[in-house]
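A look at the structure
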Amino acid sequence: MIFDIDRETAPREDLEPLQLSRLRNLVERVHANVPFYRRKFEEAGLRPEQIKTLQDLKYLPFTEKQDLRNNYPFGLFAVPKENVVRIHASSGTTGKATVVGYTHRDVRNWAGLMARAFMAAGVNRGDVVHNAYGYGLFTGGLGVHYGAEELGATIVPISGGGTKRQVMLLRDFGPTVLCSTPSYSLFLYEAAQEAGMPFSDLPIRVGIFGAEPWSEEMRLDIESKLGLIALDIYGLSEIMGPGVAMECAVAQKGLHIFEDHFLPEIIDPNTGEQLPPGATGELVLTTLTKEAQPLIRYRTRDITSLNYVPCRCGRTHVRMNRVKGRSDDMLIIRGVNVFPSQIEALLLETEGLTPHYQLILNRQGAMDTLEVRVEVDEKLFSDEVRHLQRLEGKIQGNIKEFLGVTAKVKLVEPRSLTRSEGKAQRIIDQRPKV
Amino acid sequence: MKVEQISIFLENRAGRLTDVTRVLSQAGINIRALSLADTSDFGILRLIVTDHERAKQVLKENGFTVGRTSVVAVEVDDRPGGLHAILELLSNNQINVEYMYAFVQQTGKDAVMIFRFDRTDQAIEILQKNNIRIIPGDELYNL
């Protein structure tokens, strides 16, 4: 079933003129109202009327996260402040916070896009949504919330944390949909097991997981443990929040980007050049309908590719493949590019490994070193030292063979690795800055 | 005829072994035999205790990774060559000893060795056929 059938299944020859019309309107509007963008256009020797085709997108300047920080808090607003009805902000853990504003129409559009996402996941009115994304300045909780209500489903705004209470409410409220980060879903699974409640007894049919990179192997692990269909949702707070793209339950093969609202490109993260269809690179998004704070060619840093093959669900919007990692999360270890999600995939392929791992990076002399710490649970455990040593050797061998990196593998006790109740902390980079 | 042993995964960190003994002590569980096999990074602590079900439960509740293994308690003549005779018998019958350790007891007449075999049932059959005394679990716990 499709929430907005006209827009979501529009033939591409109808979709592209709409995109172009919106793009041209956007360019004129930001040039007139946002001094930051007017300066960028002037520096590039660009006038809004020069944008005549979608291909002209490549002449527009990029927007970076640092631009949002530099214009903190409201410097990128394209409307008077009195028209802004909501403000979200990032935590600012990696720098000054980034702010994103929404007009009333922006908020309504977001709810509509999240409703599309839910329906793509096979959710409808009558479903009960357990929303374990955080509420507050983070966009996850509220984005999911208004989308579920827009769709007519029942929302349980549990938010993050209070895991014992989460397990209790899962049992008592009987939700059919779970929304959380993928790592938190496994945390809930563990907590439910410890409480003596098999997750398979719950009526949860679908899990909608995002906000952190996760691998296909982790999906299979979640699906087998929790007994649900695990689907990927994509969004950035700077762009909107969740609901920029959603994996459909029909194909389970990539996430449809809602192209009537977001114009996607794939670029080479090093050169900024656009890459041909199907190539893997950094996703760049232009918001076509954002009123309060439009962004032009925003560099997401997320590494993925775009698939234009028609999807059997009937939606015509392009599918982005699972995010491999972030170009700025990419680890360069002795000259080799490594994404944490690749190591996670290798761990999941090793028999029975739960994805509780940590990567410790350091340097000895001029050489980078990588240590992979893996928690030993009951399934992995053997009473014989040599079996555990063989396991260490197997993990190390797989990492060497598939990624070309020599790692030290260290087995650790369960819950040695700190678990935040939201995103898992996977990487500890202790290398001194040059 | 088999004896239940619990095995615990330990990181090679200060205090981890003490944590185990504290948990068992607080639960009133007596350790009858103990063996620690370790590498530079981790170890496996093998225990024979008075109440292995309860021991496993309390250790798991305290966050340890615990496994259960069937091992065999064998009476060995307390004389030169006593152990060798048994090992030679097993070797001649292609039974592999994965590991072994001593059991603490009062008398000086016989020693009791704990064995982990790769083929436990066959090992028991061969030992009994050759009049080697195997001590059943319930008897062992009360020695």
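Okay, so let's go over this structure. (Residues numbered from 1 in each chain as written. Chains lettered and ligands numbered in written order. Predicted model: local features only at pLDDT ≥ 70, side-chain atom pairs only at ≥ 80, totals over all residues. Heavy atoms only, no water.)

1. Quick word on empty space enclosed by the protein
The cut-off we apply is this: The rule is simple: put a 1 Å grid over the protein atoms alone, call a set of points where a 1.4 Å probe fits but cannot get out a cavity, call an open set with protein on both sides within 12 Å along at least five of seven lines a pocket, and count a residue as lining if it has an atom within 4 Å of a point. Grid points are joined across faces, edges and corners, and a volume is the space filled by probe spheres set on the points. When residue character is reported, Ala, Val, Leu, Ile, Met, Phe, Trp, Tyr, Cys and Pro are called nonpolar, Asp, Glu, Lys and Arg charged, and the others, Gly included, polar.
A complete count under the given rule lists three cavities of 30 Å³ or more for this structure. The calculated volume of the second largest cavity comes to roughly 50 Å³. Class assignment of the residues belonging to the lining of the second largest cavity gives a composition of four nonpolar, three polar and two charged.

2. So, unusual backbone geometry
Residues and elements named next belong to chain A. This is how it is decided: A run of H or I in DSSP counts as a helix once it spans at least four residues, and a run of E counts as a strand once it spans at least two, with each numbered from the N terminus.
Y72 connects to P73 through a cis peptide bond whose omega is 0°. Here P73 lies in the loop between α4 (65-70) and β1 (84-89). Here A211, not a glycine, exhibits a phi torsion of approximately 80°, which is positive. Mapped onto the elements, A211 comes out in the loop between β6 (206-209) and α9 (216-226). Non-glycine residue R301 carries a positive phi angle of around 75°.

3. Let's talk about helix α11 (residues 385-403) of chain A
Residues and elements named next belong to chain A. For clarity, the cut-off: Expected span of a helix, by definition, is 1.5 Å for each gap between consecutive residues, and there is one gap fewer than residues. Accessibility here uses a 1.4 Å probe with only protein chains present; expressed as a share of the type maximum, an area under 20% marks a residue as buried, one over 50% as exposed, and anything in between as partly exposed. Taken from the helix axis, the directions to the C-beta atoms give the arc we talk about.
Taking 1.5 Å per residue as the helical rise, α11 with its 19 residues ought to reach 27 Å, and the 27 Å between its terminal C-alpha atoms agrees with that figure. Where α11 is concerned, the buried positions are V385, L388, L391, E392, I395, N398, I399 and L403. Down the axis, α11 shows its buried residues gathered within 165° of arc, on one side only. Facing away from the buried surface of α11 by more than 90 degrees, the exposed residues are R390 and E401. Just downstream of α11, G404 is the residue with a positive phi angle, here 75°.

4. Regarding the packing of aromatic side chains
All names here are of chain A. Heads up, the condition is: Between 30 and 60 degrees the pair is tilted, below 30 it is stacked and above 60 it is edge-to-face, where a pair is any two Phe, Tyr or Trp rings, Trp via its six-membered ring, whose centres lie within 6.5 Å. Note on geometry: a ring has a charge over it if NZ (lysine) or CZ (arginine) is within 6 Å of the ring centre and within 35 degrees of the ring normal.
Applying the stated criterion across every chain, the model contains 10 aromatic pairs over all chains. Ring centres of F74 and F77 lie 5.1 Å apart, and the angle between their planes is 35°; on these two criteria the pair is classed as tilted. Ring centres of F209 and W214 lie 5.8 Å apart, and the angle between their planes is 90°; on these two criteria the pair is classed as edge-to-face. Of the two residues examined, F209 and W214, each falls in the buried class. Pairwise contacts between aromatic rings join F36, Y37 and F41 into one cluster. Against the face of F62 rests R299, its NZ or CZ located 5.4 Å from the ring centre. The residue whose ring lies beneath R322 is W214, and the NZ or CZ to ring-centre distance is 4.7 Å.

5. Points about the packing of helix α1 (residues 16-26) of chain B against helix α2 (residues 52-61) of chain B
Residues and elements named next belong to chain B. Threshold: Note on geometry: axes are lines fitted to C-alpha atoms, helical ones only across the stretch in contact, with angles between N-to-C directions running from 0 to 180 degrees. Throughout this description, any angle smaller than 35 degrees is read as roughly parallel, any larger than 145 degrees as roughly antiparallel, any in the 65 to 115 degree range as roughly perpendicular, and the remainder as oblique. Note on convention: the crossing is left-handed when the near helix lies turned anticlockwise from the far helix by less than a right angle, right-handed when the turn is clockwise. Note on contacts: a residue pair is in contact if any heavy atoms of the two residues lie within 4.5 Å.
For the pair α1 and α2, interaxial distance at closest approach is 10 Å and the crossing angle is 125°. By the angle between their axes, α1 is oblique relative to α2. Regarding α1 and α2, the two cross each other, and that crossing is right-handed. For the pair formed by α1 and α2, the contact residues are V20, V23 and L24 on the first element and A55, V58 and L59 on the second. By residue class, the composition of the contact of α1 with α2 is six nonpolar, no polar and no charged.

6. Concerning the nonpolar core
Residue and element names in this part refer to chain A. Our working definition: Each nonpolar core is a collection of buried residues, namely Ala, Val, Leu, Ile, Met, Phe, Trp, Tyr and Cys, held together in the definition by side-chain atoms within 4.5 Å.
Formed by 69 residues in total, the largest nonpolar core has its most connected members in L23, F118, I208 and Y234. Broken down by element, this core gets its largest block of residues, nine residues, from helix α5 (residues 104-120). Once residues lying within four places of it in the same chain are set aside, the contact partners of Y234 are G241, P242, G243, V244, A245, L255, L283, L285, T300, D302, M320 and V323. Listed in part, the 29 residues of the second largest apolar core include I343, L359, V376 and I395.

7. Considerations on the sheet that holds strand β19 (residues 367-375) of chain A
Residue and element names in this part refer to chain A. The test is simple: Here, strands pair whenever DSSP counts at least two bridges between them.
Strand order in the open sheet made by the four strands is β20-β19-β18-β21, with mixed pairing throughout. Where the open sheet ends on each side, the last strands, each with one partner, are β20 (408-412) and β21 (427-429). The average angle at which neighbouring strand axes cross in this sheet is 20°, direction not considered. One ladder, built from eight bridges, connects strand β18 (residues 357-364) with β19; its direction is antiparallel. Residue pairing in the sheet places L361 in a bridge with L370 of β19.

8. Structural notes on the side chain of S185 of chain A
Counting through the fold element by element, S185 of chain A comes out in helix α8 (residues 182-194). Filtering out sequence-adjacent residues up to four positions away, S185 of chain A remains in contact with L178, S180, F209, I222 and L226 of chain A.

9. As for α8 of chain A
Residue and element names in this part refer to chain A. The terminal C-alpha atoms of α8 lie 19 Å apart, and with 13 residues this matches the ideal 18 Å at 1.5 Å per residue to within 8%. Of all 13 residues in α8, 11 are buried, a share of seventy percent or more. The complete set of buried residues in α8 reads P182, S183, Y184, S185, L186, F187, L188, Y189, E190, A191 and A192. Those residues of α8 that are buried lie in contact with α7 (163-173), β5 (177-180), β6 and α9. Just downstream of α8, G196 is the residue with a positive phi angle, here 75°.

10. A few points about the pattern of salt bridges
We apply this condition: We define a salt bridge as a side-chain nitrogen of Lys or Arg found within 4 Å of a carboxyl oxygen belonging to Asp or Glu.
For the structure shown, the criterion picks out 40 salt bridges over all chains. Residue R12 of chain A is joined to E259 of chain A by a salt bridge in which the shortest nitrogen-to-oxygen separation is 2.7 Å. Within this pair, whereas R12 of chain A is found in helix α2 (residues 12-33), its partner E259 of chain A is found in the loop between β9 (255-257) and β10 (262-267), the two being separated by 247 residues in sequence. R12 of chain A gets classed as partly exposed once you look at its relative accessible area, which sits at 21%. With a closest N to O distance of 2.9 Å, D41 of chain B and K408 of chain A form a salt bridge. Taken together, the positions of D41 of chain B in the loop between β2 (31-38) and β3 (42-49) and K408 of chain A in strand β20 put the pair across two chains. Since its relative accessible area comes to 15%, D41 of chain B is described here as buried. In this structure K408 of chain A comes out as partly exposed when scored by relative accessible area, which is 37%. Each of E216, R219, D232, E247 and R322 of chain A takes part in salt bridges that share partners, so that together they form one network.

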